[in-house]
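A structural walkthrough
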Amino acid sequence: MKMVLASKNQKKMKEMNEILSTMGVEVCLQADVGIDIDVEETGTTFEENSLLKAKAVMEASGLSAIADDSGLCVDALNGAPGVYSARYGGEGLDDTGRYKLLLANMPKGEARTAKFVSVITCCFPNGDVLTARGECPGTIAFAPMGEGGFGYDPVFFLPKLKKTFAQLTAEEKNAISHRGLALEAFQEKLEEYLK
């Protein structure tokens, strides 16, 4: 089964393919099926934004479309950046600029607890929708560590492993990450759906 990813993020596509390929699902980019749309994320929850993206790409491509809306929720920042994680600090910032801003905004003396959240939604051309959510708890590091991953990975610290997401191998990250857990739950729902 082929699914179009409602994102232009190749790293996200690679992560999804590593997990879903075991089920015979191939995830491709929009460009691979000749479409190029940017969906405005007007939702206030990960679920709403994930659905908006999957539905728009499914309608544009005529194929099953899968979307992931994910972000970092920091307790000391009242859940921010949350659904605005990719746009935190405005258009001019890249991944490094965003996590540096996050570190600068962390209140002194406050708990540094946080969680990564991922919601996967798949919209099928027949109107069916599957949704799954995954969460990974951690803390915000005092400084970036590691070269792997993307986004906030260098500052998202896992106390049990004593490493940031950026210090994990792809296999280690997929086994415990918010997206890995959401995809695992999605995989179970998809297996049931395809029976």
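Just above, that's the structure.
Residues numbered from 1 in each chain as written. Predicted model: local features only at pLDDT ≥ 70, side-chain atom pairs only at ≥ 80, totals over all residues. Heavy atoms only, no water.

So, on to the packing of helix 1 (residues 10-20) against helix 5 (residues 178-194). Running from amino to carboxyl end, helix 1 crosses helix 5 at an angle of 45°, the nearest separation of the two axes being 10 Å. Classified by the angle between their axes, helix 1 and helix 5 sit oblique to one another. As for how helix 1 packs across helix 5, the hand of that crossing is right-handed. Between helix 1, through Lys12, Glu15, Met16, Ile19 and Leu20, and helix 5, the contact on the second element is made entirely by Arg179, Gly180, Leu183, Phe186 and Gln187. Residues of the contact of helix 1 with helix 5, tallied by class, amount to five nonpolar, two polar and three charged. (Axes fitted to C-alpha atoms, helices over the stretch in contact; angles between N-to-C directions. Helix = DSSP H or I, 4+ residues; strand = E, 2+ residues; numbered from the N terminus. Parallel < 35°, antiparallel > 145°, perpendicular 65-115°, else oblique. Left-handed = near helix turned anticlockwise from the far one by under 90°. Contact = heavy atoms within 4.5 Å. Nonpolar A, V, L, I, M, F, W, Y, C, P; charged D, E, K, R; others polar.)

A word on the side chain of Asp69. Considering the arrangement of structural elements, one finds Asp69 in strand 3 (residues 65-74). Owing to a relative accessible area of 3%, Asp69 belongs among the buried residues under this scheme. Polar side-chain contacts of Asp69 include one of 3.0 Å to the side chain of Lys53. If sequence neighbours within four positions are ignored, Asp69 has contacts with Glu41, Thr45, Phe46, Asn49, Ser50, Lys53, Val83, Val117, Ser118 and Val119. (Buried < 20%, exposed > 50% of the residue type's maximum accessible area, 1.4 Å probe, protein only. Polar contact = N/O pair within 3.5 Å; in protein donor to acceptor, adjacent residues only side chain to side chain.)

Turning next to the pattern of salt bridges. Throughout the structure, instances matching the rule amount to 15 salt bridges. Across the pair Arg179 and Asp68 runs a salt bridge, and its minimum N-O distance is 3.1 Å. Residue Arg179 is found in helix 5, and its partner Asp68 is found in strand 3; the two are separated by 111 residues along the sequence. Taken individually, Arg179 and Asp68 each receive the classification buried, so the pair is uniform in this respect. Taken together, the salt bridges that share partners define one network made up of Glu41, Lys53, Asp69 and Arg87. (Salt bridge = Lys/Arg side-chain N within 4 Å of Asp/Glu carboxyl O.)

Attention now goes to the sheet that holds strand 7 (residues 163-164). Hydrogen bonding along the main chain pairs the strands of a sheet, whether they run parallel or antiparallel. On the basis of which strands lie adjacent, the open sheet formed by seven strands has the order 2-1-3-4-5-6-7 and mixed pairing. Edge strands, defined here as strands with exactly one partner in the open sheet, are strand 2 (26-29) and strand 7. Bridging between strand 6 (residues 156-158) and strand 7 involves two bridges; their strand directions are antiparallel. Within the sheet, the bridge partner assigned to Leu158 lies in strand 7 and is Lys163. Helix 5 rests against strand 1 (2-5), strand 3, strand 4 (113-123) and strand 5 (129-140) of the sheet, and its axis sits at about 160° to strand 5. (Pairing = 2+ DSSP bridges.)

So far we have only geometry, and geometry alone does not tell us how the molecule works.
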